[in-house]
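# Notes for the structure review
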Amino acid sequence: MHLNSSTYPQQQAAIALSSRNNQSRRHKTWSTSTIQCLLLTSILFILSLWLSIILHFQGGSIGDEIISDRVIDDADSVTTKQDQPKVKATIAYAVSLTSCGSTGAQRRNNILNGGHSSDPNLREGAAVLAHSIHLSSIRNFAQSGSYYDYKLIVFVHPNAQGCTDVFKEFGYEIQIRDTPFNVADIKSPWLQEHIVKSGCCGEKEYLKLYSYVQFDYPIVIHLDLDSLILKPLDHLFDVMLGDRESSDTKEVLDSSRKKLSVMHDDPLPQSGSIDAYFTRDYNMINPGKKHVGVQGGFLIVRPSQAAFDEYVQIVLSGDFKQGNGWGGKGYGGYFGAQQIQGICSYFYDYKHPGTGVELNKCYYNVMADPPRQEKGNGAGKCRDGREECQDCREVPLEEIYSVHFTLCQKPWKCPVWYGTPEKTKHICQKFHGEWYRIREDLEKVRALDRQSNYIQPDGKHMPEIFRGFCKSSQERGYIHLQ
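Throughout what follows, the structure given in this document is the object of discussion. Throughout, a residue's number is its position along its own chain's written sequence, starting from 1. Restriction of local features to residues with pLDDT of at least 70 applies here, the model being predicted, together with a cutoff of 80 or more for giving and counting side-chain atom pairs; totals for whole chains, interfaces and linings are based on all residues. To obtain the side-chain values, all non-hydrogen atoms of the structure were included, while hydrogens and water were left out.

### Thoughts on the environment of G477
By the element assignment, G477 lies in the segment after α12 (463-466). Any two residues whose heavy atoms approach within 4.5 Å are treated as being in contact. Contacts of G477, omitting those with residues within four sequence positions, involve C414, F469, C470, K471 and S472. Helical segments are the DSSP runs of H or I of at least four residues, strand segments are the runs of E of at least two, and each set is numbered from the N terminus.

See below:
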């Protein structure tokens, strides 16, 4: 095309002006788009942060506080909360904290320090116990199949208020509770003197009685902090509540009764008439003793103000005869006789017979104790006084509902079991393996909540049992929760 030389400069100027205008418009458009993009990004970030906060606090966590509904299965895959059935009831799981303990020369003096629950490392026990309860509840229904929810509670003696943070962290409701009676008011001078210096923790063990006044819950389980739940206890709850307090059909109740294993195959009372479950500590008596104490680390009760008041009155009456125990009826003569072990046996065997059920200690509160006296007077005899006795160490792990780390030693001690009978050592290693399996699961869930990767610890002491959490044997080698 031919351009007239006189109009060419004008055309060039027009083109330049048009180009500048287009650039200006594009600049304005880019600036506006950038601002809009930044605003949208900010809004999305704020919404995402707000949603994360809501999900964190509304998720089905341990004790409604810390652990989300995500559960890590053995294949390391993450499962999320699925549709759950209706909750039958919420069960209270209680523990006691009698002192903050000591790490010094007196750390092994239970009475001085406030008892077993004063071990500074029981933070580990509180965390893993809580997670084991969670895994066996309706909040983990996809794996557990349980229909019962839970509430975590800790009874804290006033002397131990300074070390409750770890319980808050893992979702326990803190209840500050003093001993439910004044020792000076006990009518027997002898009992006054001895109740404060016997058993695991003197008179402070009676904090466990506050299980009877948790009226927001139909059933309360009091456990020691060195315990572990391996399977749901729904069948115990079903039978205890019975058809009067639950909507279960006769078929469900009959099925639950069949699952329930009673010590010595004694007859099971009618559903709904049971006020307590417990196991007995046959390790503390010579074979054949008539009245055996209750094992104080496992007690399932129906809340009752009348029962609580009666316990207190029994103690204050001072009716404990040296050599003959409570009421002078033979409920004594063993470790903890002046505390829960003795008084609960007296309460359910003598004062209220037929309302408490002794569970089979090979399936509940299992401690891996040998069934026969090994040394001394009565060697070779069944500890329970029978001709034949079941060896709990032979029960398959998958049939056990709960364990208690007494004879097997505490998991955070990274034990080696030197000199332990092979059968006992074998089952103790299995129990420890379960504790560390649940500990590892807890660590993985906590890593997810922090949105970080789980890093497997590299402890070399028996990693097939302790999963890398023990650098070496004994307590010094234990790797603590982060």
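### Brief notes about the sheet that holds strand β4 (residues 148-156)
Strand order in the open sheet formed by seven strands is β5-β4-β3-β6-β9-β8-β12, with mixed pairing between adjacent strands. Where the open sheet ends on each side, the last strands, each with one partner, are β5 (173-176) and β12 (356-358). Along the sheet, successive strands turn relative to each other by an average axial angle of 25°, direction set aside. Only strands that DSSP links by at least two bridges are regarded as paired with each other. Direction of pairing for strand β8 (residues 276-280) relative to strand β9 (residues 294-301): antiparallel, over a ladder of four bridges. Residue pairing in the sheet places R280 in a bridge with V294 of β9. Helix axes are fitted to C-alpha atoms over the stretch in contact, other axes to C-alpha atoms as well, and angles between N-to-C directions run from 0 to 180 degrees.

### A closer look at empty space enclosed by the protein
Each cavity reported here is a set of points on a 1 Å grid over the protein atoms alone in which a 1.4 Å probe fits but cannot get out, each pocket an open set with protein on both sides within 12 Å along at least five of seven lines, and each lining residue one with an atom within 4 Å of a point. Grid points are joined across faces, edges and corners, and a volume is the space filled by probe spheres set on the points. One pass over the structure, following the stated rule, counts one cavity of 30 Å³ or more. Looking at the largest cavity, its volume works out to about 40 Å³. If you trace the largest cavity, you find it lined by Y93, S136, S137, S146, Y148, D149, Y150, P232, L233, D234 and F237. Of all the elements in the fold, those that place two or more residues in the lining of the largest cavity are β4 and α7 (234-245).

### Some points on the state of the cysteines
Put simply, a disulfide is two cysteine sulfurs that come within 2.5 Å. Enumeration according to the criterion identifies six disulfides in this entry. Here C200 pairs with C201 through a disulfide, and the sulfurs are 2.3 Å apart. Taken as a pair, C200 and C201 share a single burial class, namely buried. Between the sulfur atoms of C408 and its disulfide mate C428 the distance is 2.0 Å. Handedness here is read from the sign of the S-S torsion; for C408 and C428, about -80°, the answer is left-handed. Within this pair, whereas C408 is found in the loop between β13 (402-404) and α11 (422-449), its partner C428 is found in helix α11, the two being separated by 20 residues in sequence. For the pair C408 and C428, one class covers both residues: buried. Assigning the bonded cysteines of the chain consecutive numbers by sequence position, one obtains the connectivity 1-2, 3-4, 5-8, 6-7, 9-11, 10-12. For every residue, the accessible area obtained with a 1.4 Å probe (protein chains only) is divided by the maximum for its type, and the residue is called buried under 20%, exposed over 50%, and partly exposed between those limits.

### Concerning the packing of helix α9 (residues 305-317) against helix α10 (residues 340-351)
Here α9 crosses α10 at 115°, and the two axes come no closer than 11 Å. With respect to α10, the axis of α9 lies roughly perpendicular. For the crossing formed where α9 meets α10, the hand is right-handed. Two secondary-structure elements touch here, α9 through A307, E310, Y311, I314 and V315 and α10 through I343, C344, Y346, F347, Y348 and K351. Following the grouping adopted for this structure description, the nonpolar residues are Ala, Val, Leu, Ile, Met, Phe, Trp, Tyr, Cys and Pro, the charged ones are Asp, Glu, Lys and Arg, and the polar ones are all others, Gly among them. Its residues assigned to classes, the contact of α9 with α10 comprises nine nonpolar, no polar and two charged. Roughly parallel refers to an angle under 35 degrees, roughly antiparallel to one over 145, roughly perpendicular to one between 65 and 115, and oblique to any angle outside these ranges. With the far helix as reference, a near helix turned anticlockwise by less than a right angle produces a left-handed crossing, and one turned clockwise produces a right-handed crossing.

### Topic: the environment of L442
Tracing the chain through its elements places L442 in helix α11. Separated by 312 residues in the primary sequence, L442 and A130 have C-alpha atoms spaced 9.6 Å apart.

### Structural notes on the packing of aromatic side chains
Under the pairing criterion, centres of Phe, Tyr and Trp rings, with the six-membered ring standing for Trp, must be within 6.5 Å; the plane angle then separates stacked pairs below 30 degrees from edge-to-face pairs above 60, leaving the rest tilted. One pass over the full model with this rule turns up 21 aromatic pairs. Measuring from centroid to centroid gives 5.3 Å for F167 and Y172, while their planes differ by 80°, and the two rings are edge-to-face. We note that F167, like Y172, is buried. For the ring pair Y364 and Y401, a centre distance of 5.1 Å and an interplane angle of 10° mean the geometry is stacked. In this pair, Y364 sits in the loop between β12 and β13 while Y401 sits in the loop between β12 and β13, placing the two residues 37 residues apart along the sequence. What links up through ring pairs into an aromatic cluster is the set W412, W417, W435, Y436, F466, F469 and Y478. Above the ring of Y147, the side-chain terminus of K88 is found at 5.4 Å from the ring centroid. Charge over a ring is defined by NZ of Lys or CZ of Arg lying within 6 Å of the ring centre and within 35 degrees of the ring normal. The side chain of R139 reaches across the aromatic face of Y150, ending 4.0 Å from its centre.

### Some details on the pairing of strand β6 (residues 220-223)
Burial along β6 is two-sided: V220 and H222 facing one way and I221 and L223 facing the other are all buried. In this sheet, β6 lies alongside strand β3 (residues 89-97) in parallel orientation, the contact comprising three bridges. The residue bridging A94 from the neighbouring strand is H222, located in β6.

### Here's the deal with the pattern of salt bridges
A side-chain nitrogen of Lys or Arg and a carboxyl oxygen of Asp or Glu constitute a salt bridge if their distance falls within 4 Å. Scanning the entire structure with this criterion turns up 27 salt bridges. Taking the shortest distance from any N to any O, the salt bridge between R280 and E358 comes out at 3.1 Å. Of this pair, R280 sits in strand β8 while E358 sits in strand β12; the two residues are 78 residues apart in sequence, bridging distant segments of the chain. Exposure class is identical for R280 and E358. Each is buried. For the salt bridge of D369 with K361, the shortest nitrogen-to-oxygen distance reads 3.0 Å. Among the residues examined, K361 registers a relative accessible area of 10% and is labelled buried.

### Let's talk about α9
Relative to the 18 Å expected for 13 residues at 1.5 Å per residue, α9 spans 18 Å between its end C-alpha atoms, a close match to the ideal helical length. Within α9, the full set of buried residues consists of A307, F308, Y311, V312, I314, V315 and L316. Those residues of α9 that are buried lie in contact with α6 (189-195), β11 (325-326) and α10. Capping of α9 at its N-terminal end is provided by S304; its side-chain oxygen lies 3.4 Å from the backbone amide nitrogen of A306. Following α9 by one or two positions, G318 has its phi on the positive side, about 70°. In this scheme, a helix's expected span is set at 1.5 Å multiplied by one less than its residue total. Side-chain atoms alone can form a polar contact between residues adjacent in sequence; in general such a contact is a pair of N or O atoms within 3.5 Å, and within protein one must be able to donate a hydrogen while the other accepts it.

### Quick look at the nonpolar core
Grouping buried Ala, Val, Leu, Ile, Met, Phe, Trp, Tyr and Cys residues that are joined through side-chain atoms within 4.5 Å yields what is termed a nonpolar core. Ranked by internal contacts, the top residues of the largest apolar core, which has 74 residues, are Y93, Y172, Y277 and F431. The leading source of residues in this core is helix α3 (residues 122-135), at eight residues. If near-sequence neighbours (up to four positions away) are discounted, Y93 is found in contact with I133, Y150, K151, L152, I153, I221, L223, L233 and F237. Core analysis: the second largest hydrophobic core is formed by 44 residues, Y206, Y217, W326 and Y346 among them.

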